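# Descriptive structure summary
Each chain, written out:
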Amino acid sequence: MTRTEEFQELRPLLFSIAYRILGSVSEAEDAVQEAWLRFEGAPAEPRSTKAYLSATVTRISIDVLRSARVRREHYVGPWFPEPLLTDPYEDPARAAELADSVSMAALLLLERLSPLERAVFVLREVFDFGYPEIASAVGRSEAACRQLVVRARRHMAAGRPRFDADREERQELASRFFDALREGDVAGLRDLLAADVSMVGDGGGKAPQLARAVMGADNVARLLASVLPRLARIDVSFEPHELNGQPGAVFRDRDGRVLHTLALDVLDGQIQAIRLVINPDKLAHLGPVADAWAISREFKRAPRG
């Protein structure tokens, strides 16, 4: 195989590693491209192309994450990862771990870790790399990497339990949720929401967003049931779509441009959280982006009844 062919074969894995470390589609794609440039320019053939490229994209991602952390400290409002429609890497033997690790809830937990802890955790717990490979990738001893994994596991375990609903159960619940959403059925929505459910939006100061988190099943159900009919009157529609391995939807304006995404966090047979990504900078990889401010003005003029 040529270097190009080897790289293309490994690209899905490299992107999946970078995305879990960075939580950004655009930054992950840039990290993968930079890894290719380094691989292309390497004078000697690596003993293992997979190990070389995985280590390279990991080191690049750690450096990018360190600078991104500074920007995120000054981010306007809540910060969410960029929504991912499809994870390009598949491994049937680790399908559950892969789906769990790419969820919005898991990626937000990963934000609690240091860049080094996050990278080591992703390589070990998600992709099952051996400690010798991890140590080489991050430039630490195997013993140090083991300690980093132990600390990262402790942080992740303290955050929340793993998802226990199977895929079919999640999709069935999501289908009922979106049916109730279309019908403006407050009671139907309330029945699917956990008592302490939260709904939060990430606009980054670049799009209209919720002034604060909406808490409680009754408040969230009433807000959703009142907003969706008015959005429909100005030709905003939504299409259910898996986001980050969990049920969600993509909302579009009348011209088919992306307005925002909605992701459901499902656990114990109920919706625990609803997360909206409205920041246009985080939606560009999904297609042309709508003018959220113009939609907001039109929404305010739309009749309520």
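Let me begin by describing the structure that accompanies this report. (Residues numbered from 1 in each chain as written. Predicted model: local features only at pLDDT ≥ 70, side-chain atom pairs only at ≥ 80, totals over all residues. Heavy atoms only, no water.)

Let's shift gears to the sheet that holds strand 1 (residues 193-202). Strand order in the open sheet made by the six strands is 2-1-6-5-4-3, with mixed pairing throughout. Across the chains shown, the open sheet's two edge strands, defined by having one partner strand only, are strand 2 (214-215) and strand 3 (237-240). Where helix 9 (residues 167-183) meets the sheet, its contacts fall on strand 1, strand 3, strand 4 (248-252), strand 5 (258-267) and strand 6 (270-277), and the angle it forms with strand 5 comes to roughly 130°. (Pairing = 2+ DSSP bridges. Helix = DSSP H or I, 4+ residues; strand = E, 2+ residues; numbered from the N terminus. Contact = heavy atoms within 4.5 Å. Axes fitted to C-alpha atoms, helices over the stretch in contact; angles between N-to-C directions.)

Relative to the 26 Å expected for 18 residues at 1.5 Å per residue, helix 8 (residues 142-159) spans 26 Å between its end C-alpha atoms, a close match to the ideal helical length. When helix 8 is considered as a whole, its buried residues turn out to be C145, L148, V149, A152 and M156. Along helix 8, the residues classed as buried sweep out an arc of 100° about the axis, all on the same side. Turned more than 90 degrees away from the buried face of helix 8 sit A143, R154, A157 and A158, all of them exposed. (Expected span 1.5 Å × (residues − 1). Buried < 20%, exposed > 50% of the residue type's maximum accessible area, 1.4 Å probe, protein only. Arc of directions from axis to C-beta.)

Another aspect to go through is the side chain of S61. Examined against the element boundaries, S61 turns out to sit in helix 3 (residues 49-73). At 2.7 Å, the side chain of S61 and the backbone oxygen of V57 are in polar contact. Beyond its immediate stretch of four places on either side in the chain, S61 contacts A18, I21, L22 and A31. (Polar contact = N/O pair within 3.5 Å; in protein donor to acceptor, adjacent residues only side chain to side chain.)

The next subject is the nonpolar core. Core analysis: the biggest nonpolar cluster contains 49 residues, and I17, Y19, V57 and F127 have the highest contact counts within it. Of all the elements in the fold, those that place two or more residues in this core are helix 1 (3-22), helix 2 (25-41), helix 3, helix 5 (104-110), helix 6 (115-126), helix 7 (131-138) and helix 8. The next biggest cluster of nonpolar side chains, apart from the first, holds 38 residues, and it includes F177, A221, I234 and A290. (Core = buried A, V, L, I, M, F, W, Y, C linked by side-chain atoms within 4.5 Å.)

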